[in-house]
Amino acid sequence: MNMNTQFTVNRKMPDYWRITFHNPPINLVDPDSIFELLTLMDQIETDPDLKVVVFDSADPEYFIAHYDMARAGEQQKSPKESDLPPWIDFTTRLSNTLVVSIAEIRGRARGIGSEFALACDMRFASQERAVFGQPEVAVGVVPGGDGNEMLSRLAGRARALEVILSGNDYDAQTAERYGWINRAIPDVELDGFVEELVRRISSFDRQTLREAKRLLNRTGIPDASEMLESRTAFISGAMSNNTQKRLPKVFARGLGQRGDFELHLGHRVGNLE
Amino acid sequence: MNMNTQFTVNRKMPDYWRITFHNPPINLVDPDSIFELLTLMDQIETDPDLKVVVFDSADPEYFIAHYDMARAGEQQKSPKESDLPPWIDFTTRLSNTLVVSIAEIRGRARGIGSEFALACDMRFASQERAVFGQPEVAVGVVPGGDGNEMLSRLAGRARALEVILSGNDYDAQTAERYGWINRAIPDVELDGFVEELVRRISSFDRQTLREAKRLLNRTGIPDASEMLESRTAFISGAMSNNTQKRLPKVFARGLGQRGDFELHLGHRVGNLE
Amino acid sequence: MNMNTQFTVNRKMPDYWRITFHNPPINLVDPDSIFELLTLMDQIETDPDLKVVVFDSADPEYFIAHYDMARAGEQQKSPKESDLPPWIDFTTRLSNTLVVSIAEIRGRARGIGSEFALACDMRFASQERAVFGQPEVAVGVVPGGDGNEMLSRLAGRARALEVILSGNDYDAQTAERYGWINRAIPDVELDGFVEELVRRISSFDRQTLREAKRLLNRTGIPDASEMLESRTAFISGAMSNNTQKRLPKVFARGLGQRGDFELHLGHRVGNLE
């Protein structure tokens, strides 16, 4: 049990792991992904040498497409007990662990994919290939992971409202301007940029890095109670008549499948009627 | 009574109103404007279908010039009782209503004009034609609407201090960089950009939009008590000898009139001596 | 006593002082610098006419290099008693005094040099010549001045983590994008820009400026207790075996001396092993 099937962990060095998401056809997050992430989290928190973990994707078109809405009714499970729902348990622990986490983003990061990136300590994205979006409102739900909480903190209330109420796609340059990501990097330089950053960070004393992250964690992390409130709103939206009526139409157009609808999801969900 | 004379309400769709400000010669806000805005606010809050309201101006040179200082001594009145002074009542209610508000800005938005834009949920401005400023200190007062509170939140303390202590004009690009507005848009694209954004938003479920705004309203809205403190400082500045001596000089130069002084107000108030 | 030897105060006008740092070979801050700054602070706080103070450097290569680690073990002294350690006393008082402070930055501002700039109300930097960094982690310490507190507020948690955990150098454009500084200005325009800004500000009523700063000081200033916690972590890092082992190696490469190592400190400390 606990074998990772969606995440490949490449222990490049004792202090540096690269974790690659691979869940065809389009890297949807489902209850199994979250179970695996929590299993990985146990390892990240307890490894005696680890300093930095980078999350990327095996699919250049999709960092993480979004949540698998076909499995939205399924209960999420956790490898061990927690007071928090599994996803909020994961994002809270990823922020709070003193291991440094970096999202290296190519392709689409929408919904929980954006929220996954937002839960990492830093985000670097391909200038040409990364696409960001929180398209939840289009299917009658609100962001339920950490999108409301993190975007209002990083981008400010006005831009968070624009992003979330429009449900639209944002290119990497705009995401950088809005503070959604640390930086947009030309695609050919992205891997090198992240590798060099990791090399620098991991050349430093582990205890010092942990102390620095601890001090910087005093600001900018939302309280779990805020995320719980968003999650409750997400669930009640998901069970609404409106969503139950909208979802089949969206599946019929190609939701969750490799193809034109998912590639241009931000545009398409703005033209569902 | 309650007839709008300064604001034209164009009910483009049951869920989308465009409200246009027109108060010649240069779109000054006066006590009548605020009375009308509060009347509109009653309608915005209670309409059963409304999702989005866009505020713009009939005058391409002036979104809102600033407060009409010739009527600064006049008591502001409200169409119904409130614990808050009329302007703070308006900005607080505009933030808190779950209807989405967008400022589409061409021309000058200074003083209370900037503060009006800041009270809207989002702000999009003409790259070539929008100009922003909080020139209050030049006449011996401080921003008394929401400028202190919103700029320190959206632009950070350092840039808020720069903007407010300099009293200078800022172009749309700089305003975007500072977070004062969501985005600067090329003038020829501005109308289309806002219309398309509204079309998207209003294609979504009303209850979901309201829920999203409610959750995003948990951060980034100043407390009314903070605005009351700024207002008290504004009033005491306005009644000071310094301001009473400065104002006639500024009127003599062209304050409140269509002309060169108002067009380049930011520059001119930095050279009053 | 209290003679300034490192800081030259040019009282350009009764309401405008320019204070220039000159501590060869590379403008290191040492206990004497802090003593002098606190002496200046007494004058800034009590002068009846002063409105604006600009801090700059006599050395175009170094605004402030960083703390003089050769004197790191030395007790810092204060010209008068305070409940706070001298440096935190200084930054707290600089934020809280109602005199406006501006950092005009050419050359390197690293470690306490960046923290000095961050303690000023506004920061304007040469686009070509300014360099920013918080390289503390490279020698096993954390920022102990106000770097953790101010960068997380101005740049957000994600970018503060990147800056501080990487210990890298940042050019002025990136610093502007991150909110570290108000603006990057072309080098040939920087002096003129700051002089014109000061001229404008000091043309306004002193009491009004003070009232505006007081109101803007309600947000964005960290509590002294937060800075004390960072300082405690800094000191315990400085006394650690790791740092005591690293420092001699770094001195051997050229730390604190005019030369290649200091010029490219951000790059070099990422390649110490």
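Structure first, text after, so check above.
Residues numbered from 1 in each chain as written. Chains lettered and ligands numbered in written order. Predicted model: local features only at pLDDT ≥ 70, side-chain atom pairs only at ≥ 80, totals over all residues. Heavy atoms only, no water.

Enquirer: What should I look at first to understand the nonpolar core in this one?
Expert: Note that soluble globular proteins tend to have their nonpolar side chains buried in a common cluster. Judged by nonpolar contacts, the single largest core of 84 residues is most densely connected at A:Ile102, A:Met122, C:Ile44, C:Phe55, C:Ile105, C:Phe116 and C:Phe132. When residues in this core are grouped by element, the largest group, six residues, is from helix 1 (residues 31-46) of chain C. For C:Ile105, the residues in contact, after removing those within four places along its chain, are C:Phe63, C:Ala117, C:Arg123, C:Phe124, C:Ala125, C:Ser126, C:Ala130, C:Phe132 and C:Leu190. (Core = buried A, V, L, I, M, F, W, Y, C linked by side-chain atoms within 4.5 Å. Buried < 20%, exposed > 50% of the residue type's maximum accessible area, 1.4 Å probe, protein only. Helix = DSSP H or I, 4+ residues; strand = E, 2+ residues; numbered from the N terminus. Contact = heavy atoms within 4.5 Å.)

Enquirer: Even after reading the chapter, I still don't get the environment of A:Ala184, so can you show me in this structure?
Expert: All names here are of chain A. Within the element layout of this structure, Ala184 appears in strand 10 (residues 183-185). Classification of Ala184 by relative accessible area gives buried; the value is 9%. Sequence separation between Ala184 and Leu118 is 66 residues; the distance between their C-alpha atoms is 15 Å. Among all residues touching Ala184, those that are not within four sequence positions of it are Ala125, Gln127, Ala172, Gln173 and Glu176.

Enquirer: Got a minute to help me understand unusual backbone geometry in this structure?
Expert: What you tend to see is this: most non-glycine residues have negative phi, and most peptide bonds are trans. Cis geometry is adopted by the peptide bond preceding B:Pro25, which originates at B:Pro24 and carries an omega value of 10°. Secondary-structure assignment places B:Pro25 in the loop between strand 2 (16-21) and helix 1 (31-46). A positive phi is found at A:Asn27, a non-glycine position, where the angle reads about 55°. Here A:Asn27 shows up in the loop between strand 2 (16-21) and helix 1 (31-46).

Enquirer: Is there a simple way to think about the packing of helix 4 (residues 147-154) of chain C against helix 9 (residues 224-238) of chain C in this case?
Expert: The relative placement of two packed helices is expressed as an angle between their axes plus a distance between the axes. Residue and element names in this part refer to chain C. The interhelical angle for the contact between helix 4 and helix 9, taken along N-to-C directions, is 125°, at an axis separation of 8 Å. Viewed along their axes, helix 4 and helix 9 adopt a mutual orientation that is oblique. For the pair helix 4 and helix 9, contact is made by Asn148, Glu149 and Arg153 and by Glu226, Met227 and Ser230, respectively. Per-class residue counts for the contact of helix 4 with helix 9 are one nonpolar, two polar and three charged. (Axes fitted to C-alpha atoms, helices over the stretch in contact; angles between N-to-C directions. Parallel < 35°, antiparallel > 145°, perpendicular 65-115°, else oblique. Nonpolar A, V, L, I, M, F, W, Y, C, P; charged D, E, K, R; others polar.)

Enquirer: Help me out: how do you make sense of the sheet that holds strand 6 (residues 108-110) of chain C in this one?
Expert: Remark on secondary structure: sheet strands pair via backbone hydrogen bonds, oriented parallel or antiparallel. Residues and elements named next belong to chain C. With mixed pairing, the four strands of this open sheet are ordered in space as 4-6-8-9. Each edge of the sheet is formed by a strand with only one pairing partner; in this case those strands are strand 4 (62-64) and strand 9 (169-171). The sheet shows a mean angle of 25° between the axes of neighbouring strands, taken without regard to direction. Relative to strand 9, strand 8 (residues 131-133) runs antiparallel, the two being bridged by three bridges. Paired with Val131 across the bridge in strand 9 is Asp171. Contacting strand 4, strand 6 and strand 8, helix 3 (residues 112-119) runs over the sheet at an angle of about 70° to strand 4. (Pairing = 2+ DSSP bridges.)

The analysis is restricted to geometry; functional conclusions fall outside its scope.
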